[in-house]
Amino acid sequence: MNKTFTSPSFAARLATLATWGLLGLSGAVAAQDAKSVTPMPEWEYTQLEQALAKASQGNPESGKHLHHYMYCSACHGDDGNSPSRNWPSLTGQKPDYVVKTLLDYKQDMRRDHYRKAQVMTRISQLLNENQMADLAAYYARQAAPSVPPQTNLKLARQGAKLAQSGDEKRGISACSSCHGEKGESGITPDTPALAGQTPEYFVQAMQMYKAGMRSSDVGGVMRMFAKNLTEKEIQALAHYYASLGSVPGKDN
Amino acid sequence: MNRRELLKALGASALLLPASALAKTHNKTAHVVIVGGGIGGATAAKYLRLAAPHVQITLVEPVKRFITCLRSTDVIVGHMSLDDITFTYDALRAKYRVNVIHDRVVGLNPDKKTVQLLNGKPLTYDRLVVSPGVDFIQGDVEGYNREVSETVMPHGWKAGPQTLLLKKQLEAMPQGGTYVMVAPPLPYRCPPGPYERASLVAEWFQKHNPKAKVVILDPKDSFTKDVPFKKAWERLYGFNTANSMIEWIPAAQGGKMLRVDAASKTLVAEAGSFKADAVNYIPPQRAGTLAFRMGLTNREGWCPVDRRTFESSIIKDVHVIGDAAIADTMPKSGYSANSQAKVAVQAIADLLAGKTPGEPAMINVCYSLAGQDYGVSIADIFKVVDNRIVKLPASGVSPITDSPAQPLLEAVYQRNWHRTFANDCFA
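Here the structure is a predicted model, which means the values were calculated and not measured.

### A closer look at the overall build of chain A
Part 1 of the argument: Looking only at helices and strands, chain A features 13 helices and zero strands.
Part 2 of the argument: Each helix and strand of chain A, ordered N terminal to C terminal, gives the series α-α-α-α-α-α-α-α-α-α-α-α-α.
Part 3 of the argument: Looking at the 252 residues of chain A, the share that counts as buried comes to 47%.
Part 4 of the argument: In chain A, of all internal contacts separated by at least 6 residues, the share reaching a separation of at least 24 is 76%.

So, in structure tokens, the structure goes:
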């Protein structure tokens, strides 16, 4: 598979983590989840790197078949562009992130959304790593999701500043420094593309990070940032990233 | 006690009512009394509050903790406990301002519009909702009676002690034994229920009693979702092979029961004699006894209603919902009861406000498990045409596919559905 994270960027990421003093924090954050009895398992960077290094170059045509055969399309839309406010769009997503997420589920690391995550946990346990790579290649070959119709452009403008500049005083770095200038991709396998994402799903994900109930962010980075965001800021960011989606009819 | 005697008894006690209870109600807050706190009654209480914020709502239900039939087969095979399917009325009281009275209704006076309680004072209603569920008919099978059902041949068709009795008998079976299920004739509560139970018992055998088998004696030749169920049985339990763990004997092959001998656990059907180690005898059914005592039933033992409002065709201002109501193509399921409750209380809210009730659309979805990781489902949408409930074309049953994801997803959906559905009724 296409290895988008190379050694230099991986090292850069570690440097960023060290700057924020986040190494070794993950266990403490997970412990905040009072509802889960057993602590959630989490990735170590080296572990994740090894797991992704094993993944093959995906075949997008096989991925397209699997998208229907494994009923992914039932929730994520005919082509991966989600028709539902509850579930994410997958088109244009970075292959590493898709494979990583499927591995998260397969290893029962995702217990966010309460028991709703079980759907993905059970399905991913039916997939082998080649099939995961095929699905990832299929989603990656497509343009980013189109701008969701419910996107609020006024809110999007409010979100733009925070996304592009962060808030130094509160220790929030610019979202774009990891997720890309236009939300197109991230520099490490655990930073997804966000452009065109369903805003309601974006909000759910951030609330899960904020509450410490989602621990799929290696090193607890998103939990750290989300903790300091207000509900209003999360909404604004959701609509900002939604607004960066593809424009239907335009050649992307 | 027959209806006339009941009404007479009620007439006498009505004289003792305080004057306030007999005052005309049209210039006061309307009072809706709901009798029966199962799926239908609990949903009615909650949704009436949402439809009519100012109405006074009283729910009468004898038990304080209600055990749903939904998922009770999971209790029999040890995947859930009775606590997991037990619900209280706390949320109806606290969140929806429902006055929940734990008492038994012993009489109805439709002229004075009162219901009489065993222990409490009579209740005067503007509209009455009755959700009485089902009771059993002993039928003409020699040797089968109530005592047999409470000891040797449990039905397990009302959750609680019956569920645990059946669980105990399943666990006590000798290795390689035979579990005989007697399926009921239509109409009955939860049409796919017997076949789900047969499936989950076979799955339990795979783990705990691998040479045992399930025999279903059925007075019918087909059943709901039989195509996906039989495919699941082929895939999971060797159905249609010499080593099948499930044997289904339909009416055409002699599935109809003739007699039982409780002492030797022997069942004689048209097909012959079956010696069982555990018997799950699910008898024929009719509307709950309360509906009979209230005079709400027809000759067939079910409650005729106006399909748009679920108001009884026999007694004015009384609505009957759930398993006991005649709802044509709608199956007798918890989902149907929930859907009918919403339609009935919206109609009541409209009628109390002097409006004409609208045309309802109703839904039924049944998820069953053919194994813990194998779900089959049916979904239907209904509307009323010429006072008959008919299915719309936008209906469907689980397809047969070769995708491993399809039955697995249905099983996951089933569990999520159960959790949210129970909340919709009780929380």
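### Structural notes on the overall build of chain B
Part 1 of the argument: Regarding its fold elements, chain B presents twelve helices and 23 strands.
Part 2 of the argument: In summary, chain B has a C-alpha radius of gyration of 22 Å against a globular reference of 22 Å for 427 residues, a match within 12%.
Part 3 of the argument: With respect to the three principal axes, the spread of C-alpha positions in chain B is 70 × 45 × 40 Å.
Part 4 of the argument: Expressed as a percentage of the 427 residues in chain B, the buried residues total 49%.
Part 5 of the argument: Sequence separation of at least 24 residues holds for 67% of the intrachain contacts in chain B that already meet a minimum separation of 6.

### Re helix H3 (residues 39-51) of chain B
Part 1 of the argument: Helix length check: H3(B), at 13 residues, gives a terminal C-alpha distance of 18 Å against a target of 18 Å (1.5 Å per residue), a fit within 8%.
Part 2 of the argument: Ile39(B), Gly40(B), Gly41(B), Ala42(B), Thr43(B), Ala44(B), Ala45(B), Lys46(B), Tyr47(B), Leu48(B) and Arg49(B) are the residues of H3(B) that are buried.

### With respect to the interface of chain A and chain B
Part 1 of the argument: Taken residue by residue, the interface counts ten residues in chain A and eight residues in chain B.
Part 2 of the argument: With four residues, helix H7 (residues 118-124) of chain A is the largest single contributor of residues to the side of chain A that touches chain B.
Part 3 of the argument: Here the side of chain A that touches chain B is composed, by residue class, of six nonpolar, one polar and three charged.

### Brief notes about the nonpolar core
Part 1 of the argument: Core analysis: the biggest nonpolar cluster contains 150 residues, and Leu48(B) and Val320(B) have the highest contact counts within it.
Part 2 of the argument: For this core, the leading source of residues is helix H11 (residues 334-352) of chain B, giving nine residues.
Part 3 of the argument: When neighbours within four sequence positions are excluded, Val320(B) is seen to be in contact with Val130(B), Ala291(B), Leu296(B), Cys303(B), Val305(B), Phe310(B), Ser312(B) and Ala325(B).
Part 4 of the argument: Among the nonpolar cores identified, the runner-up in size contains 27 residues, and Ala144(A), Ala195(A), Ala226(A) and Leu244(A) belong to it.

### Description of the sheet that holds strand E8 (residues 123-124) of chain B
Residue and element names in this part refer to chain B.
Part 1 of the argument: Read from one edge of the open sheet, three strands run E6-E7-E8, paired in antiparallel fashion. The open sheet terminates on both sides in strands that have one partner only, identified here as strand E6 (105-109) and E8.
Part 2 of the argument: Relative to strand E7 (residues 114-117), E6 is paired through four bridges, and the arrangement is antiparallel. What sits directly across from Val 105, in E7, is Leu 117.

### Structural notes on the sheet that holds strand E11 (residues 178-182) of chain B
Two pairing modes exist for strands in a sheet, parallel and antiparallel, and in both the strands are linked by backbone hydrogen bonds.
Residues and elements named next belong to chain B.
Part 1 of the argument: With respect to topology, four strands assemble into an open sheet ordered E13-E12-E11-E17, the strand pairing being parallel. Because the sheet does not close on itself, it has two edges, and the strands there are strand E13 (246-249) and strand E17 (278-281). Pairs of neighbouring strands in the sheet enclose a mean axial angle of 15°, with direction left out of account.
Part 2 of the argument: Pairing geometry for E11 and strand E12 (residues 213-217), over five bridges, is parallel. Across the sheet, the residue bridging to Met 181 is Ile 216, located in E12.

### Here we look at the packing of helix H11 (residues 199-210) of chain A against helix H13 (residues 231-243) of chain A
Residues and elements named next belong to chain A.
Part 1 of the argument: Running from amino to carboxyl end, H11 crosses H13 at an angle of 135°, the nearest separation of the two axes being 9 Å. In this view, H11 runs oblique relative to H13, as classed from their interaxial angle. Considering the relative orientation of H11 and H13, their crossing is right-handed. Every residue of H13 that contacts H11 at Pro 199, Phe 202, Val 203 and Met 206 is listed here: Ile 234, Gln 235, Ala 238, His 239, Tyr 241 and Ala 242.
Part 2 of the argument: Broken down by class, the residue content of the contact of H11 with H13 amounts to eight nonpolar, two polar and no charged.

### A look at the confidence of the model for chain A
Part 1 of the argument: Across chain A, the average pLDDT comes to 83, with 81% of residues at or above 70.
Part 2 of the argument: Scored below 50 in pLDDT, residues 1-36 of chain A shows 52 contacts in the model against residues more than four places distant or in partner chains.

### Examining helix H4 (residues 60-69) of chain A
All names here are of chain A.
Part 1 of the argument: Residues of H4 that are buried: Gly 63, Lys 64, Leu 66 and His 67. Mapping the buried residues of H4 onto a view down its axis gives an arc of 165°, with all of them on the same face.
Part 2 of the argument: Tyr 71 lies just past H4 and shows a positive phi near 65°.

### Considerations on the environment of Val318(B)
Residue and element names in this part refer to chain B.
Part 1 of the argument: By secondary structure assignment, the location of Val 318 is in strand E19 (residues 318-320).
Part 2 of the argument: The spacing of Val 318 and Val 33 is 285 residues in sequence and 9.6 Å in space, taken between C-alpha atoms.
Part 3 of the argument: Among residues more than four places away in sequence, those in contact with Val 318 are Pro 110, Leu 128, Val 130, Leu 296, Glu 311 and Ser 312.

### As for the pairing of E11(B)
Each regular strand displays side chains that alternate between the two surfaces of the sheet.
Part 1 of the argument: Counting buried positions along E11(B) yields four of five residues, so the element is predominantly enclosed.
Part 2 of the argument: Considered for its hand, the β-α-β crossover made up of E11(B), helix H8 (residues 193-208) of chain B and E12(B) is right-handed.

### A look at the confidence of the model for chain B
Low-confidence regions, as indicated by low pLDDT, have predicted coordinates that should not be scrutinised in detail.
All names here are of chain B.
Part 1 of the argument: When pLDDT is averaged along chain B, the result is 94, and 94% of the positions lie at 70 or above.
Part 2 of the argument: Confidence drops under a pLDDT of 50 for residues 6-27, and excluding neighbours within four residues, the segment shows 22 contacts in the predicted structure.
Part 3 of the argument: The ipTM for the predicted assembly is 0.75, set against a pTM of 0.85.

### Side note on the pairing of strand E20 (residues 361-371) of chain B
All names here are of chain B.
Part 1 of the argument: Taken across its eleven residues, E20 has eight buried, putting it largely inside the fold.
Part 2 of the argument: Where E20 meets strand E21 (residues 374-385), ten bridges bridge the pair, whose relative direction is antiparallel. Across the sheet, Leu 369 pairs through a bridge with Gly 375, a residue of E21.
Part 3 of the argument: In sequence, E20 turns back onto E21 through a hairpin of two residues.

### Brief notes about the environment of Lys355(B)
Part 1 of the argument: If you trace the backbone, Lys355(B) turns up in the loop between H11 and E20.
Part 2 of the argument: Between the C-alpha atom of Lys355(B) and that of His208(B), which follows or precedes it by 147 residues, the distance is 59 Å.

### Comments concerning unusual backbone geometry
All names here are of chain B.
Part 1 of the argument: Put simply, Leu 186 and Pro 187 share a cis peptide bond, and its omega is -5°.
Part 2 of the argument: With respect to the helices and strands, the residue Pro 187 is situated in the loop between E11 and H8.
Part 3 of the argument: Positioned with a positive phi, Cys 190 is a non-glycine residue whose angle comes to about 60°.
Part 4 of the argument: Counting through the fold element by element, Cys 190 comes out in the loop between E11 and H8.
Part 5 of the argument: For Cys 190, a count of 24 C-beta atoms within 10 Å corresponds to the buried category.
Part 6 of the argument: Unlike most non-glycine residues, Asn 387 shows phi in positive territory, near 55°.
Part 7 of the argument: Within the secondary structure, Asn 387 is located in the loop between E21 and strand E22 (388-391).
Part 8 of the argument: A count of 12 C-beta atoms within 10 Å places Asn 387 in the exposed class.

About the criteria used
- Residues numbered from 1 in each chain as written.
- Chains lettered and ligands numbered in written order.
- Predicted model: local features only at pLDDT ≥ 70, side-chain atom pairs only at ≥ 80, totals over all residues.
- Helix = DSSP H or I, 4+ residues; strand = E, 2+ residues; numbered from the N terminus.
- Buried ≥ 20, exposed ≤ 12 C-beta atoms within 10 Å, placed from the backbone.
- Contact = placed C-beta atoms within 7 Å.
- Rg over C-alpha atoms; globule rule 2.2 N^0.38 Å.
- Expected span 1.5 Å × (residues − 1).
- Nonpolar A, V, L, I, M, F, W, Y, C, P; charged D, E, K, R; others polar.
- Core = buried A, V, L, I, M, F, W, Y, C linked by C-beta atoms within 7 Å.
- Pairing = 2+ DSSP bridges.
- Axes fitted to C-alpha atoms, helices over the stretch in contact; angles between N-to-C directions.
- Parallel < 35°, antiparallel > 145°, perpendicular 65-115°, else oblique.
- Left-handed = near helix turned anticlockwise from the far one by under 90°.
- pLDDT = per-residue confidence, 0-100.
- Arc of directions from axis to C-beta.
- Right-handed = clockwise from strand over helix to strand, strands pointing away.

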